[in-house]
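What follows is each chain in one-letter form.
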Amino acid sequence: MAWVLAALLPGIAVYVWLFGPGILVTLSLASVTALAAEAAMLKARGYPLKPFLTDLSAIVTAWLLALSLPSLAPWWLIVTGTLFAIVVAKHLYGGLGQNIFNPAMVGYAVLIVSFPVQMTQWAGPQELTGMHLSLAQSATIIFGGDVPRATLDAITMATPLDALRTGLLQQFTVDEIMVKPIFGHYGGTGFEWLAFSFWIGGLILWSRRIIDWRTPMAFLLGVWLTAGFLHFFDAGRFGPPWFHFFAPSVALCAFFIATDPVSGATTPRGKLIFGLGAGFLTIAIRTWGGFPDGVAFAILLMNLCVPLIDQYTQPRIYGGEKKTREPPA
């Protein structure tokens, strides 16, 4: 867990550089909430506090959720999502190792369904907004201080995924939409660097054998093949595969979320199936679903399939006979 947190630090540093220090307030609030909820549930269930509070699993959940939320999201949104992730998605299923769904993605899904307006107020890249918020100013916005609406409108904007989706609904082509300043060379302006920083963290985990290569590579392949097929079929209506490939949510999911050892597939072939399925569903939901990003729902849907995937992809025991289907009587 400590290595996972360390691998997220490059992404957090780039996040602060590009979008301001608001993410530090979000991470801190989510962490405190997660630890408090973890302690309360452990006490209610009669478990010792120290071994479970110090295993860092609650902090990992808090950070993954916080990095999936707008960095200037109101405090109550952060607290609500974190409480749901720890209390409901983790402890009501039996605690660490027993949850069938990724807790961070459960918290995100609850928030995007319940509070879609608040989940769209993303801080824009500072090079586009021209405004550089201090840590105190960011905290004022998050904790509901007296911030003029004009200030919020100046520092927040739609994400590249939101901009693409809105433009397509307005009958513009992909080429007409992607000339806007929010779009960079491959992904969104600034968002490309954030995705790259998550890639660095993911490669650190892979190099230390903390994560297996199958799930992230299969997920990225699923995203690229699905988006590439749609773009080849109609380049005017579907974004290019590199646009999705260099989205921060895809990089974060590939190396930090889809690789969750509890809620993900455990067999070698199962990890490939899980990753490919999650990649396909991510693009399908982005394209035809009701929300601009489909990572959370793709992971949760594949979490449901894990028992079946693992059952049918168990490797043959060394020295054992290969199983064959008996012909019907």
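Cut-offs and rules
Along each chain, numbering runs from 1 in the same order as the chain's sequence is written. pLDDT decides what is reported in this predicted model: residues at 70 or higher carry local features, side-chain atom pairs at 80 or more are listed and counted, and totals for whole chains, interfaces and linings draw on all residues regardless. With hydrogens and water excluded, all non-hydrogen atoms of the structure serve as input to the side-chain values. What makes a patch is a set of residues exposed beyond 30% relative accessible area and free of salt bridges, joined within 9 Å when like-charged and within 5 Å when nonpolar (Val, Leu, Ile, Met, Phe, Trp, Tyr). Note on areas: Shrake-Rupley with a 1.4 Å probe; residue coverage comes only from the protein chains shown. By convention in these notes, a salt bridge is any Lys or Arg side-chain nitrogen within 4 Å of a carboxyl oxygen on Asp or Glu. The numbering of helices and of strands both runs from the N terminus, where a helix is a DSSP run of H or I of at least 4 residues and a strand a run of E of at least 2. With a 1.4 Å probe rolled over the protein chains alone, any residue whose accessible area is under 20% of its type maximum counts as buried; one over 50% counts as exposed, and the rest are partly exposed. Aromatic rings from Phe, Tyr and Trp, with only the six-membered ring used for Trp, were paired whenever their centres fell within 6.5 Å, and each pair was classed as stacked if the ring planes differed by under 30 degrees, edge-to-face if by over 60, and tilted otherwise. We define a nonpolar core as any set of buried Ala, Val, Leu, Ile, Met, Phe, Trp, Tyr and Cys residues linked to one another through side-chain atoms lying within 4.5 Å. Between two residues, a contact is recorded if the distance between any of their heavy atoms is within 4.5 Å.

Enquirer: So what's going on with a nonpolar patch on the surface? Residues and values would help.
Expert: Taken together, the side chains of Tyr186, Leu221, Trp224, Leu225, Trp242 and Leu276 make up a nonpolar region of the molecular surface, amounting to roughly 590 Å² of accessible area. With 3 residues, helix α13 (residues 214–233) is the largest single contributor of residues to the nonpolar patch. Within the element layout of this structure, Trp224 appears in helix α13. Note on Trp224: relative accessible area 36%, which makes it partly exposed.

Enquirer: Go over the pattern of salt bridges, please, and point to the residues and values.
Expert: Side chains that carry opposite charge are capable of pairing whenever their charged atoms lie near each other. Scanning the entire structure with this criterion turns up 4 salt bridges. A salt bridge links Asp212 to Arg214; the nearest nitrogen and oxygen atoms lie 2.9 Å apart. On the basis of relative accessibility, which here comes to 24%, the residue Asp212 falls in the partly exposed class. For Asp293, the salt bridge is made with Arg286, and the minimal N-O distance between the two is 2.8 Å.

Enquirer: I'd like to hear about the packing of aromatic side chains, residue by residue, with values.
Expert: Using the criterion set out here, one finds 14 aromatic pairs in the structure. Taken together, a centroid distance of 6.1 Å and an interplanar angle of 75° make the contact between Tyr93 and Phe101 edge-to-face. Here Phe238 and Trp288 contribute two aromatic rings whose centre-to-centre distance is 6.3 Å and whose plane-to-plane angle is 65°, an arrangement assigned as edge-to-face. Residue Phe238 is found in the loop between α13 and α14 (241–245), and its partner Trp288 is found in helix α16 (residues 268–288); the two are separated by 50 residues along the sequence. For Phe238, a relative accessible area of 8% puts it in the buried group.

Enquirer: Report on the nonpolar core, specifying residues and quantitative values.
Expert: Soluble globular proteins tend to pack their nonpolar side chains together in the buried interior. Ranked by size, the top nonpolar core spans 93 residues in total, and within it Leu8, Leu67, Phe256 and Ile299 carry the most contacts. Sequence-distant contacts of Phe256, that is, excluding residues within four places in its chain, are made with Val4, Ala7, Leu8, Leu64, Phe198, Gly201, Gly202 and Leu205.

Enquirer: I'd like a rundown of unusual backbone geometry, residues and numbers included.
Expert: Non-glycine residue Gln171 carries a positive phi angle of around 70°. With respect to the helices and strands, Gln171 occurs in the loop between α10 (160–169) and α11 (174–177). For Arg209, which is not glycine, the phi dihedral falls at a positive 60°. Tracing the sequence through the fold places Arg209 in the loop between α12 (191–207) and α13.

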